[in-house]
Amino acid sequence: MLLEGKTVLITGGSSGIGAAAAVEAARQGADVAINYIGADAGAHDVVARIEALGRRGVALKGDVAEPDTATAFVGRAADALGRVDVFVSNAGICPFHAFLDMPAATFERTMAVNLHGAFYMVQAAANRMVAQGGGGAIVAVSSISALVGGEYQTHYTPTKAGVHSLMQSAAIALGRYGIRCNSVLPGTILTEINRDDLADTGKRERMAARVPLGRLGEPEDLAGPIVFLASDMARYVTGAALLVDGGAYVNLQ
Ligand SMILES: NC(=O)C1=CN([C@@H]2O[C@H](COP(=O)(O)OP(=O)(O)OC[C@H]3O[C@@H](n4cnc5c(N)ncnc54)[C@H](O)[C@@H]3O)[C@@H](O)[C@H]2O)C=CC1
Ligand SMILES: C[C@H](O)[C@@H]1OC(=O)[C@H](O)[C@@H]1O
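Residues numbered from 1 in each chain as written. Chains lettered and ligands numbered in written order. Predicted model: local features only at pLDDT ≥ 70, side-chain atom pairs only at ≥ 80, totals over all residues. Heavy atoms only, no water.

An unreviewed UniProt entry lists the protein chain under the name L-rhamnose 1-dehydrogenase (NAD(P)(+)), with Sphingomonas taxi as the source organism. Comment text from UniProt for the protein chain, heading Pathway (unreviewed entry), reads "Carbohydrate degradation; L-rhamnose degradation." According to the UniProt record, the Sequence similarities (unreviewed entry) comment for the protein chain is "Belongs to the short-chain dehydrogenases/reductases (SDR) family." (UniProt positions renumbered as here; feature names shortened; annotations may be inferred.)

Asks: Quick question: what am I supposed to make of the site of ligand 2 here?
Replies: Around ligand 2, the neighbouring residues are C94, F96, S143, I144, S145, Q153, Y156, G187, I193 and N194. Among the residues forming the shell around ligand 2, the class breakdown is 5 nonpolar, 5 polar and no charged. (Near = heavy atom within 4 Å. Nonpolar A, V, L, I, M, F, W, Y, C, P; charged D, E, K, R; others polar.)

Asks: It is not clear to me how the packing of aromatic side chains should be interpreted in this structure. Could you clarify?
Replies: Each pair of aromatic rings is reported with the distance of its centres and the angle of its planes. On inspection of all chains with the given rule, the structure shows 2 aromatic pairs. On the basis of an interplanar angle of 65° and a centroid distance of 6.3 Å, the ring pair of F73 and F87 is categorised as edge-to-face. Residue F73 is found in helix α3 (residues 67-81), and its partner F87 is found in strand β4 (residues 86-89); the two are separated by 14 residues along the sequence. Under the relative-accessibility criterion, F73 is labelled buried at 3%. Its relative accessible area of 0% is what places F87 among the buried residues. (Phe/Tyr/Trp six-rings, centres within 6.5 Å; stacked < 30°, edge-to-face > 60°. Helix = DSSP H or I, 4+ residues; strand = E, 2+ residues; numbered from the N terminus. Buried < 20%, exposed > 50% of the residue type's maximum accessible area, 1.4 Å probe, protein only.)

Asks: Is there a simple way to think about the pairing of strand β3 (residues 57-61) in this case?
Replies: Consecutive side chains along a regular strand alternate between the two faces of the sheet. Where strand β2 (residues 31-36) and β3 come together, 5 bridges link them in parallel fashion. Across the sheet, residue N35 finds its bridge partner in β3, namely L60. Taking the sense of rotation as the criterion, the β-α-β connection linking β2, helix α2 (residues 40-52) and β3 turns out right-handed. (Pairing = 2+ DSSP bridges. Right-handed = clockwise from strand over helix to strand, strands pointing away.)

Asks: How do you make sense of the sheet that holds β3 when you look at a structure like this?
Replies: The strands that make up a sheet are held in pairs by hydrogen bonds between backbone atoms, and each pair lies either parallel or antiparallel. Overall, parallel pairing links the 7 strands, which are arranged β3-β2-β1-β4-β5-β6-β7 in an open sheet. Of all the strands in the sheet, just β3 and β7 (241-244) have a single pairing partner and so form its edges. Going from strand to strand, the sheet's axes swing by 15° on average, the running direction of each strand aside. In the sheet, strand β1 (residues 7-10) pairs with β2 via 4 bridges, with the strands oriented parallel. Bridge pairing in β2 links T7 to D31. On top of the sheet, α2 reaches β2 and β3; it is set at about 165° to β3, its chief contact. Strand contacts of helix α4 (residues 104-132): β2, β4, β5 (136-141) and β6 (179-186), with the helix running at about 175° to β4, the strand carrying the most contacts. (Axes fitted to C-alpha atoms, helices over the stretch in contact; angles between N-to-C directions. Contact = heavy atoms within 4.5 Å.)

The structure is reproduced here in structure tokens:
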């Protein structure tokens, strides 16, 4: 098991990629704490799936856009599970909107959740890892959208480029403590975040047609890459970005 005896914290862990990563981390031997927002049911379900695998699971509610949520989540998770070995910054939103009339509130909220939230969470986790000693691993869920644009994502793609960049700089700042920082760059993955957008059958088929592996992604497609980067198998990997997109990015023609 790749994460035997480790503790893993994941933001936005009650659905989609975060939930899949939480369950896979437990399957790989880790105790897992998830941060979540909104309804409790999804978070309780993820905890139940973690516990069914014989590991400890904790769900802690909080808005990652609030700086205090970061210290509260990391502190309470570490109190419950003992330490923080792995931190996965995953929470995010993507309210699709045209550029020219983008409401300031939509832009500000997307920045606050996706980029500011990632910064505060990663900073809090890193401080805990430094204080406890023994290094650690941080994985941020960026996106293929860190590298390419989207007409209705002018507020979103800069946050994903920012998260990718955050991992590169944090890798430098934290290498001396044995803390590795990497990002995964998912392509289009079928989750709640794009359910409405991909209800447009034409768009969904166009997106799928771009993928050499022949299908859009599922949350579980990210679980393995996240666990790998979190594990000691990736002990000499830091500052890296791993595309998990079925080959969509390289498919020009
Ligand atoms: N689905 C996709 O095609 C892709 C998703 N991503 C990224 O993957 C990450 C996870 O998204 P998905 O699993 O796809 O969708 P999702 O909507 O299932 O997951 C996002 C999670 O973040 C949580 N969240 C949102 N705002 C929050 C806040 N303020 N505080 C705490 N939690 C909050 C949501 O409740 C949800 O559980 C996001 O960062 C997204 O940008 C990146 C590339 C592609
Ligand atoms: C939410 C979108 O469908 C998704 O988010 C990303 O980061 C991907 O590039 C897709 O556009």
